[in-house]
Amino acid sequence: MTCLHKPGGAIAMAAALLLSGCASLSGDGGFKAAATVSEQRTGAPASVAGRLPQNDDDGRALAALIDQKLAQPLSANDAVHIALLNNRGLQATYWSLGIAEADLVQAGRLQNPVLDFKRSHGGGALDIERTLTFNLLGLITAPMAGRIEGRRYEQSKLLVANEAVRVALDTRRAWVAAVAASQSADYAQQVEASAQASAELAQRMRDAGNWSAMDVAREQAYHVQTIADVNAARKGAVMAREKLTRLMGLAGAQAAYKLPGHLPDLPAAPSELADIEQVAVNERLDIQAAKLDVAHTASTLGLTRTTRFINVLDLGLVANSEGATNTRGYEIALEIPLFDWGSSRVARAEATYMQAANMLAQTAVNARSEARESYADYRASYDLARHYRDQVLPARKKLADETLLRYNGMLMSVFELLADAREQASAVRGYIAAQQDFWTAQANLEAALGGRLPAQTIHQESKQGDQP
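### Observations concerning the nonpolar core
Counting residues in each nonpolar core, the largest one holds 68 residues, and the members touching the most others are Leu74, Tyr94, Trp175, Leu244 and Met248. Of the residues forming this core, the biggest block, 14 residues, is contributed by helix 6 (residues 136–207). Excluding residues within four positions of it along the chain, Tyr94 makes contact with Phe31, Ala46, Leu52, Leu84, Val160 and Ala164. Formed by 6 residues, the second largest nonpolar core is a distinct cluster that contains Leu158, Ala161, Leu169 and Leu285.

Structure, rendered in structure tokens:
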């Protein structure tokens, strides 16, 4: 390339642009930034030692942390923490940030120059041609392309953080369902044992001549129904537990974790949230990502309009040698817009922008509606569960006590005692279902608002024990 010394100014300019366009990778692919956002929204760290597992040592550290959390009955918060650390689908999503960062860095680097060398001889003459070509269009549009990829990278961080929040809330809901299903199965087993005792009592009463065949059949029918209820409850408990296990990414011995025996108590009062629609619009990560998508599309439209008439623009520095004669110069290759004036590309970009803008508007409409719906469900579920706790169960207990008192005083028959026991079991099952609905509704409300409820709400709930 010694023959290119004369046009050194152009080469120096190109080299300076190349050096200024170089960018370096961060080393974590932007994971820390996304993890910080998800931790703020979920209340649980998304990594061990602040980075993704990459080797055997990291894997062992993660396994030790999980084993420590599984050594006691699994709380909702620990389940969420494990899922954020160990859900492999989420881990794959984290690594997509590395891809987005690589695209960003690549956009900040200019295309390599192309060196053409041609050597020919004939008739006793030796011809040598050397051409060094730079992509001038890349030089011109590099800053705008860098800004576009920068927005795309920021959007990727928001989408990854949003996926972490989604996995966390799915895990919280799955934990509630698993504990409720286990609690229901245990209670169904208690009801079945009581029904078995009633059926055996009925048979003895029949053998003594005190009960009719119809009375015995009634108790036996109820007993076999409770057996079916136990089997259905166990089936539901297995399915709910396995869903939670999948979300936490557990297998082998770790899948034998223990769950609490019952759902947490209700908080002292439900959250009072004002202007939930605006909270959802401001806080939800999917809306923030959609806003960046619209900005990215608008920037792309601007880039399309800038380059609509220039599809190829290359600058080449030429050095030729013909025998003892050296010639130098430059050449420019420019595509002439004779058939394609770029109107279709601009129209496509404009349609893409309008599509993104309308999708953002619809996302905001959906967020507002989901916030209203979820908050209404949350309050209604709390009122129902509190009604069961404060009214239905105490009333059933009082009635059961009175029934037993009268039965012991021989003022009521055994039929009335057994019938009351069945109604009391129905009330307990209703309360378990109402508790599950409330904690699920709270998780749904958090999803609709883009993260956990305000700190004062969590503080109130923590007084009742570990809460979902």
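### Some words on empty space enclosed by the protein
According to the stated counting rule, one finds 2 cavities of 30 Å³ or more in the structure shown. There is about 30 Å³ of room inside the second largest cavity. What lines the second largest cavity is Arg41, Thr42, Ala168, Leu169, Arg172, Glu446 and Arg452. For the lining of the second largest cavity, the secondary structure elements donating two or more residues are helix 2 (31–42) and helix 6. The greatest single-element share of the lining of the second largest cavity, amounting to 3 residues, is contributed by helix 6. Residue composition of the lining of the second largest cavity, by class: 2 nonpolar, 1 polar and 4 charged.

### Structural notes on the side chain of Thr226
Its location among the elements puts Thr226 in helix 7 (residues 213–248). A residue is classified by how much of its surface remains accessible, and Thr226, at 3% relative accessible area, is buried. From its side chain, Thr226 meets the backbone oxygen of His223 in a polar contact 2.5 Å long. Setting aside chain neighbours within four positions, we find Thr226 in contact with Val191, Glu192 and Ala195.

### A word on the packing of aromatic side chains
Applying the stated criterion across every chain yields a total of 4 aromatic pairs. A centroid spacing of 6.2 Å and a plane angle of 25 degrees characterise the contact between Tyr375 and Tyr378, whose relative ring orientation is stacked. Highlighted residues: Tyr375 and Tyr378, both in helix 10 (residues 343–408), separated by 3 residues, approximately one helical turn. Looking at Tyr375, the relative accessible area reads 13%, which means it is buried. Since its relative accessible area comes to 0%, Tyr378 is described here as buried. Between Phe438 and Trp439, the ring centres sit 4.8 Å apart and the planes meet at 65 degrees, which makes this aromatic pair edge-to-face. Look at Phe438 and you get buried, because its relative accessible area is 0%. Residue classification places Trp439 among the buried positions, given a relative accessible area of 1%. Taken together, the ring pairs connect Tyr375, Tyr378, Tyr382, Phe438 and Trp439 into an aromatic cluster.

### Quick look at the packing of helix 4 (residues 76–86) against helix 7
With their axes 7 Å apart at the nearest point, helix 4 and helix 7 run at an angle of 50 degrees to one another. Compared by their axis directions, helix 4 and helix 7 come out oblique. Counted together, Ala79, Ile82, Ala83 and Asn86 of helix 4 and Leu244, Leu247 and Met248 of helix 7 form the full contact between these two elements. Looking at the contact of helix 4 with helix 7, its residues break down into 6 nonpolar, 1 polar and no charged.

### Some points on unusual backbone geometry
Located in the positive-phi region is Asp275, a residue other than glycine, with phi close to 55 degrees. Here Asp275 shows up in the loop between helix 7 and helix 8 (276–283). Taking relative accessible area as the criterion, Asp275 reaches 54% and is therefore assigned exposed.

### Description of the confidence of the model for the protein
The predicted model of the protein averages 78 in pLDDT, with 75% of residues at 70 or higher. The least confident element of the protein is helix 12 (residues 455–462), whose mean pLDDT is 41; the most confident is helix 7, at 93. With pLDDT under 50 throughout, residues 456–467 is counted as low confidence; its partners more than four residues away or in other chains account for 23 contacts.

### Quick notes on the pattern of salt bridges
One pass over the structure, following the stated rule, counts 14 salt bridges. Asp170 is paired through a salt bridge with Arg166; the nearest N and O atoms lie 2.6 Å apart. In this pair, Asp170 and Arg166 both sit in helix 6, 4 residues apart, roughly one turn of the helix. Asp170 sits in the buried class, given a relative accessible area of 19%. As a salt-bridge pair, Arg284 and Glu370 come within 2.6 Å of each other at their nearest N and O atoms. Placement of Arg284 in the loop between helix 8 and helix 9 (285–306) and of Glu370 in helix 10 is noted, with a sequence separation of 86 residues between them. We classify Arg284 as buried; its relative accessible area is 8%. What emerges from the salt-bridge pattern is a single network uniting Glu163, Arg166, Asp170 and Arg173.

Conventions and cut-offs
Residues numbered from 1 in each chain as written. Predicted model: local features only at pLDDT ≥ 70, side-chain atom pairs only at ≥ 80, totals over all residues. Heavy atoms only, no water. Core = buried A, V, L, I, M, F, W, Y, C linked by side-chain atoms within 4.5 Å. Buried < 20%, exposed > 50% of the residue type's maximum accessible area, 1.4 Å probe, protein only. Helix = DSSP H or I, 4+ residues; strand = E, 2+ residues; numbered from the N terminus. Contact = heavy atoms within 4.5 Å. 1 Å grid on protein atoms, 1.4 Å probe; cavity = no way out; pocket = protein on both sides within 12 Å on 5 of 7 lines; lining within 4 Å. Points joined across faces, edges and corners; volume = space filled by probe spheres on them. Nonpolar A, V, L, I, M, F, W, Y, C, P; charged D, E, K, R; others polar. Polar contact = N/O pair within 3.5 Å; in protein donor to acceptor, adjacent residues only side chain to side chain. Phe/Tyr/Trp six-rings, centres within 6.5 Å; stacked < 30°, edge-to-face > 60°. Axes fitted to C-alpha atoms, helices over the stretch in contact; angles between N-to-C directions. Parallel < 35°, antiparallel > 145°, perpendicular 65-115°, else oblique. pLDDT = per-residue confidence, 0-100. Salt bridge = Lys/Arg side-chain N within 4 Å of Asp/Glu carboxyl O.

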